[in-house]
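Structure assessment
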Amino acid sequence: MARKIVITSGKGGVGKTTLCANLGIALAQKSLRVALLDFDMGLNNLDVAMNVDQRVVFDLIDVVEGRCRVRQALIQDINEPTLYIMPSCHQAKRIVTVDMAKKVIQRMEDSFDYILIDCPAGIDSGFRRAVSCADEAIVVVTPHLSSVRDADKVVGCLVNSGFTNIYTVVNRLRGDLVSSGEMLTPTEIFALIGQTPLGIVPDDDHINCVTTAVGGRKPYQILADNLHLGSAKMYDCISRYKGLFGLVRRNIKRKV
C-alpha cells in the first residue's frame with residue numbers, strides 16, 4: 001500500500017513542484033516505486049520539471065473523464081525505471097471532484113510505495129481536492145515571514161482535516177544571509193511551523209534545478225532518507241559561511 005503524500009504550501013513560488021520532482025527521483029533511486037501526480041489544474045508544470053512534456057499522450061483529466069486507463073496516463077522516467085509521472089492539463093470539460101480524484105488514487109495505491117501529489121497553491125478547492133487524496137503532508141516554506149505565515153495557515157487546515165503526519169521543508173535557504181543574521185534560521189522556521197522537520201534545501205541554482213548531478217542531489221537524498229527511514233539529518237548550508245573564510249565567501253556572494 002502506497003504512502004500518499006501531498007506536497008503543499010501557503011503560497012505559490014516556493015518550489016513545491018521542484019521539490020516534488022527531486023524528492024521523487026531520490027526515492028526512486030532507492031529502488032522504491034514512486035508516482036508523481038500533478039493536481040494543479042490550469043497551472044500544471046510537473047511534466048516540464050520532469051522533462052516529459054513532449055511524451056504526454058494522456059493525462060489525469062483523461063483518466064478522470066474515462067478516455068484512458070491509469071496505466072496509459074503514467075509516463076515512465078527515462079533515468080529511473082521505478083519512477084512514473086502523471087501530468088495534468090490546462091483545462092477539463094467538467095469539474096474534477098474529490099471523489100473523482102480519490103478513485104484515481106485508489107487504482108494506483110497497490111502498485112506504488114509512494115504517491116507524491118503536487119498540490120496547487122492556496123487553500124481553495126484545488127487544495128482540498130489534493131489534500132483529500134493523501135494521508136500525509138509536506139509543507140514547503142521559504143525563509144520569509146509571508147511564506148511562514150501562509151504555511152502556518154495551511155498547517156491549521158491540514159490539522160483540521162485530520163492529518164497527524166505533517167512535515168516541514170525549508171526551501172531556498174541562503175546560508176550566507178542566515179550566518180549574517182539577515183534571514184530566519186531553519187530552527188526558527190521549524191519552531192514557528194510547529195511540525196516535524198523533514199529537511200533543508202539551499203538556494204542554489206545547481207540544486208534547485210532538476211538535474212542528475214550527484215552534488216545537486218544531496219539535499220534531496222537526505223530528505224528521502226528522513227522520509228523513508230525516519231532519520232532526522234539536516235543538510236548543512238551554513239557552516240561554510242562561518243568564521244574568517246566564511247566572511248570572505250559571504251562578501252563574494254553579495255557581489256555576484
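Because the structure is predicted, anything quoted here is derived from the model rather than measured. (Residues numbered from 1 in each chain as written. Predicted model: local features only at pLDDT ≥ 70, side-chain atom pairs only at ≥ 80, totals over all residues. Heavy atoms only, no water.)

**Structural notes on the overall build of the protein**
Where we set the bar: Secondary structure counts use DSSP, requiring at least four H or I residues in a row for a helix and at least two E residues in a row for a strand, with both numbered from the N terminus. Three exposure classes are used, based on accessible area relative to the maximum for each residue type with a 1.4 Å probe and protein chains only: buried under 20%, partly exposed in between, and exposed over 50%. Any two residues whose heavy atoms approach within 4.5 Å at even a single point are treated as in contact.
Along its length, the protein carries 12 helices and 8 strands. Considering the protein as a whole, with its 256 residues, one finds that 51% of them fall into the buried category. Taking all contacts inside the protein whose residues are at least 6 apart in sequence as the whole, residues at least 24 apart take part in 73%.

**Comments concerning the packing of aromatic side chains**
Applicable threshold: The rule is short: rings of Phe, Tyr and Trp, with Trp giving its six-membered ring, pair when the centres are within 6.5 Å, and they are stacked under 30 degrees, edge-to-face over 60, tilted in between.
By the definition in use, this model includes 1 aromatic pair. Ring centres 5.9 Å apart and planes at 75° place the aromatic pair Tyr84 and Phe112 in the edge-to-face group. Residue Tyr84 is found in strand β4 (residues 83-86), and its partner Phe112 is found in the loop between α5 (98-108) and β5 (114-118); the two are separated by 28 residues along the sequence.

**Here we look at the pairing of strand β2 (residues 34-38)**
It is a general feature of regular strands that their side chains alternate between the two faces of the sheet. We apply this condition: A pair of strands counts as paired when DSSP detects no fewer than two bridges linking them.
Counting buried positions over the 5 residues of β2 gives 5, a clear majority of the element. Because side chains alternate across β2, one face comprises the buried residues Val34, Leu36 and Asp38, and the other comprises Ala35 and Leu37, equally buried. In this sheet, β4 lies alongside β2 in parallel orientation, the contact comprising 4 bridges. Residue pairing across strands places Leu37 opposite Met86, the latter belonging to β4. With 5 bridges joining them, β2 and β5 adopt parallel strand pairing. Across the sheet, residue Leu37 finds its bridge partner in β5, namely Ile117.

**A few points about helix α1 (residues 16-28)**
Definition in use: Helices are assigned an expected span. That span is 1.5 Å times one less than the residue count.
Given a rise of 1.5 Å per residue, 13 residues ought to cover 18 Å, and the 18 Å separating the end C-alpha atoms of α1 matches this to within 8%. Turning to α1, its buried residues are Lys16, Thr17, Leu19, Cys20, Ala21, Asn22, Leu23, Gly24, Ile25, Ala26, Leu27 and Ala28.

On their own, these measurements won't tell you what the molecule is for.
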